[in-house]
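Reading the structure
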Amino acid sequence: RLAERSRAAAAHVDLQVEDAPAELVAALKEWRLGESRRKGSPAFRILTDRALLGIAITQPESEEELLQIRGVGARSVRQYGEAWLGIVKRGGRP
């Protein structure tokens, strides 16, 4: 099942916020906003909406699975992968 979701996110499909768990989307957005403020950089430079939805929908369990999501690259996985995976693992809960 996870492999199917990862392939769908990696493909050029139209990701919809309705397809993602709301609590997880909210947690990823909250993290992104905090990181954006900390770095003084626009939120979309930290994590695009498309990549954020890809993470929320596919709920990756490893850095390799993160790399399958369109808009997520090796550099961002090195910088933020651990944080993203932690948020996913908690299902968006603090």
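Read on for a plain summary of the structure.

Each value, and the rule that gives it
Residues numbered from 1 in each chain as written. Predicted model: local features only at pLDDT ≥ 70, side-chain atom pairs only at ≥ 80, totals over all residues. Heavy atoms only, no water. Patch = residues over 30% accessible without salt bridge, like charges linked within 9 Å, V, L, I, M, F, W, Y side chains within 5 Å. Areas by Shrake-Rupley, 256 points an atom, 1.4 Å probe, with all protein chains shown as cover. Salt bridge = Lys/Arg side-chain N within 4 Å of Asp/Glu carboxyl O. Lys, Arg positive; Asp, Glu negative; His and termini not counted. Charge placed at Lys NZ, Arg CZ, Asp CG, Glu CD. Helix = DSSP H or I, 4+ residues; strand = E, 2+ residues; numbered from the N terminus. Axes fitted to C-alpha atoms, helices over the stretch in contact; angles between N-to-C directions. Parallel < 35°, antiparallel > 145°, perpendicular 65-115°, else oblique. Left-handed = near helix turned anticlockwise from the far one by under 90°. Contact = heavy atoms within 4.5 Å. Nonpolar A, V, L, I, M, F, W, Y, C, P; charged D, E, K, R; others polar. Buried < 20%, exposed > 50% of the residue type's maximum accessible area, 1.4 Å probe, protein only. Phe/Tyr/Trp six-rings, centres within 6.5 Å; stacked < 30°, edge-to-face > 60°.

1. Thoughts on a positive patch on the surface
- Where like charges cluster on the molecular surface, the positive patch consists of K39, R45, R75 and R78.
- Relative to the helices and strands, R75 resides in helix 6 (residues 74–89).

2. Here's the deal with the packing of helix 2 (residues 22–39) against helix 4 (residues 49–58)
- Put simply, helix 2 and helix 4 touch, their axes get as near as 9 Å, and they point 135 degrees apart. With respect to each other, helix 2 and helix 4 are oriented oblique. Here helix 2 and helix 4 pass one another in a crossing that is right-handed. Listed contacts from helix 4 to L24, V25, L28, K29 and R32 of helix 2 are D49, L52, L53, I55 and A56.
- Residues of the contact of helix 2 with helix 4, tallied by class, amount to 7 nonpolar, no polar and 3 charged.

3. Focus: unusual backbone geometry
- Residues other than glycine seldom take positive phi values, yet Q59 does so here, at roughly 50 degrees.
- Taking the relative accessible area as the measure of exposure, Q59 reaches 26% and is therefore partly exposed.

4. What about the packing of aromatic side chains?
- Counting across every chain of the model gives 3 aromatic pairs.
- With 6.0 Å between their ring centres and 80 degrees between their planes, W31 and W84 make a pair best called edge-to-face. Of this pair, W31 sits in helix 2 while W84 sits in helix 6, and the two are 53 residues apart along the sequence. Taken as a pair, W31 and W84 share a single burial class, namely buried.
- Ring plane angle 40 degrees and centroid distance 5.7 Å describe the contact between Y80 and W84, whose orientation is recorded as tilted.

As far as function goes, none of this settles anything; it's purely spatial.
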